[in-house]
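One letter stands for each residue in the lines below.
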Amino acid sequence: MKRIAILGSTGSIGTNALEVIKSHPDEFRVTALSGYSNVRLLDRQVRAFRPQLVSSGDDPAALRRICTDRRVDHVLIAISGAAALDPLLWAIDAGKEISLANKESLVMAGPLVMARAESRGVKIIPIDSEQSAIWQCLDKQDRKAVKRIYLTASGGPFRGMPPARMRDISVPDALKHPRWKMGTKITIDSATLMNKGLEVIEAMHLFGVPCARIKIIVHPESVIHSMVEFIDGSVMAQLSATDMRIPIQYALSYPVRIPSSLSSVDFVKTGALHFEEPDMDAFPCLGLALRAARTGGTMPAVMNAANDAAVEAFCGRRIAFVEIPVVIRRVMEAHRVKARPDLDDIRGADAWARKKASQTLGKAKTWIC
Ligand code: NAD
Ligand code: MG
């Protein structure tokens with residue numbers, strides 16, 4: 001019986017994780033839950049799962065207590081955004097097994113997080129479907145035998161749209177993802193393709209592979225969740241239905257597999273699988289994320305914070321969809337990179353980028369909407 005804490009239990013990943021746990025009462029038990037603003041849902045979850053520890057709102061002390069409590073074996077981190085970084089570090093320091101859905105924490109501080117996990121002997125098991133796929137393909141394989149990682153992308157709702165029409169994209173348009181139902185921030189990131197850029201950085205750190213050996217490939221059917229090519233030319237892929245409960249269950253049950261009643265891939269119904277290059281001109285966020293990945297140091301944290309601010313401004317109808325990369329680029333261009341940052345440098349770069357983005361956004365006359 002694994003005793004599990006879910007941080008961010010009221011979100012899309014959090015509620016899916018609770019469904020997985022509910023359908024496996026002999027394997028998993030919920031010991032702790034944390035939610036942020038949706039107190040009514042958290043209250044329902046507490047009554048249904050009866051955890052020993054609960055935290056709500058902005059309460060770092062309570063979150064820290066959950067991450068370090070001896071009644072918790074496994075911490076599932078489903079908090080969105082930069083707020084997941086501290087809980088991730090607390091869970092590492094407490095030596096807990098961790099499953100990680102949040103990608104922003106690794107984008108901000110990947111080298112520091114991975115080094116800390118390694119020094120404490122802590123496993124970070126990925127939940128993000130692409131990273132779970134790569135993790136499964138790499139299982140027991142020699143990392144030195146990896147030639148290339150193919151990170152698959154659905155292409156989002158605006159794949160193939162003429163750039164001139166992108167100026168009119170509304171918030172509800174951008175929230176309609178063709179394959180996945182997710183939280184607001186990641187859904188907008190999927191529409192700009194920033195999500196794939198964040199995932200390149202996430203994969204670099206999780207698997208110790210340089211950016212140059214990670215290739216993004218658009219695969220609209222989203223049946224293959226990612227692939228690994230080895231030095232002998234063999235390619236291994238992980239396929240499954242587009243349902244986050246599958247990678248969540250594997251992260252919780254790892255290293256064993258347990259049964260699931262979720263749907264299987266219907267290959268005949270799916271028919272042909274397609275692959276294409278990502279359109280870097282139509283989706284400039286992807287190029288910005290790759291630039292941050294290559295630059296390293298404080299730049300990924302700056303790019304991440306600027307993206308956060310730009311997505312928030314788009315959702316608040318303050319800028320147009322096509323202006324999201326404009327804001328990010330301006331902030332990145334103004335940043336003086338620190339090559340080997342410590343945690344304080346990362347936090348400082350994050351705060352600086354949010355302030356810079358807010359100043360950039362404040363020059364409202366330059367924005368088209
Ligand atoms: P969501 O917006 O649906 O849920 C976010 C959760 O985090 C909520 O429970 C919220 O209460 C909590 N939260 C938000 N801000 C917080 C703060 N400051 N302090 C404490 N808790 C806070 O998001 P989601 O779609 O579930 O995504 C969560 C994370 O998982 C993101 O980093 C996302 O990139 C990643 N992810 C999500 C999916 C998906 O299918 N939804 C897939 C892959 C990766
Ligand atoms: Mg993903």
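Residues numbered from 1 in each chain as written. Chains lettered and ligands numbered in written order. Predicted model: local features only at pLDDT ≥ 70, side-chain atom pairs only at ≥ 80, totals over all residues. Heavy atoms only, no water.

Trainee: Tell me about the packing of aromatic side chains, residues and numbers included.
Mentor: The full count for this structure, using the stated rule, is four aromatic pairs. With 5.2 Å between their ring centres and 75° between their planes, phenylalanine 158 and phenylalanine 321 make a pair best called edge-to-face. One end of the pair, phenylalanine 158, is in the loop between β7 (146-153) and α7 (171-174); the other, phenylalanine 321, is in the loop between α13 (299-315) and α14 (324-334), and 163 residues separate them in sequence. We note that phenylalanine 158, like phenylalanine 321, is buried. (Phe/Tyr/Trp six-rings, centres within 6.5 Å; stacked < 30°, edge-to-face > 60°. Helix = DSSP H or I, 4+ residues; strand = E, 2+ residues; numbered from the N terminus. Buried < 20%, exposed > 50% of the residue type's maximum accessible area, 1.4 Å probe, protein only.)

Trainee: Tell me about empty space enclosed by the protein, and please be specific about residues and values.
Mentor: Inspection of every chain in the model, using the stated rule, returns one cavity of 30 Å³ or more. In this structure, the largest cavity encloses a volume near 40 Å³. Together, Ser129, Ser132, Gln136, His225, Gln238, Ser240, Ile246 and Pro247 line the largest cavity. Of all elements in the fold, only α6 (129-138) and α10 (245-253) reach the threshold of two or more residues within the lining of the largest cavity. (1 Å grid on protein atoms, 1.4 Å probe; cavity = no way out; pocket = protein on both sides within 12 Å on 5 of 7 lines; lining within 4 Å. Points joined across faces, edges and corners; volume = space filled by probe spheres on them.)

Trainee: Go over the packing of helix α5 (residues 104-120) against α13 with me, naming the residues and quoting the values.
Mentor: Put simply, α5 and α13 touch, their axes get as near as 8 Å, and they point 160° apart. Relative to α13, the element α5 is oriented roughly antiparallel. Between α5 and α13 lies a crossing of left-handed hand. Residue-level inspection shows Glu104, Val107 and Met108 of α5 in contact with α13, the latter providing Pro300, Ala301, Met303 and Asn304. By residue class, the composition of the contact of α5 with α13 is five nonpolar, one polar and one charged. (Axes fitted to C-alpha atoms, helices over the stretch in contact; angles between N-to-C directions. Parallel < 35°, antiparallel > 145°, perpendicular 65-115°, else oblique. Left-handed = near helix turned anticlockwise from the far one by under 90°. Contact = heavy atoms within 4.5 Å. Nonpolar A, V, L, I, M, F, W, Y, C, P; charged D, E, K, R; others polar.)

Any functional reading would require information beyond the geometric quantities listed.
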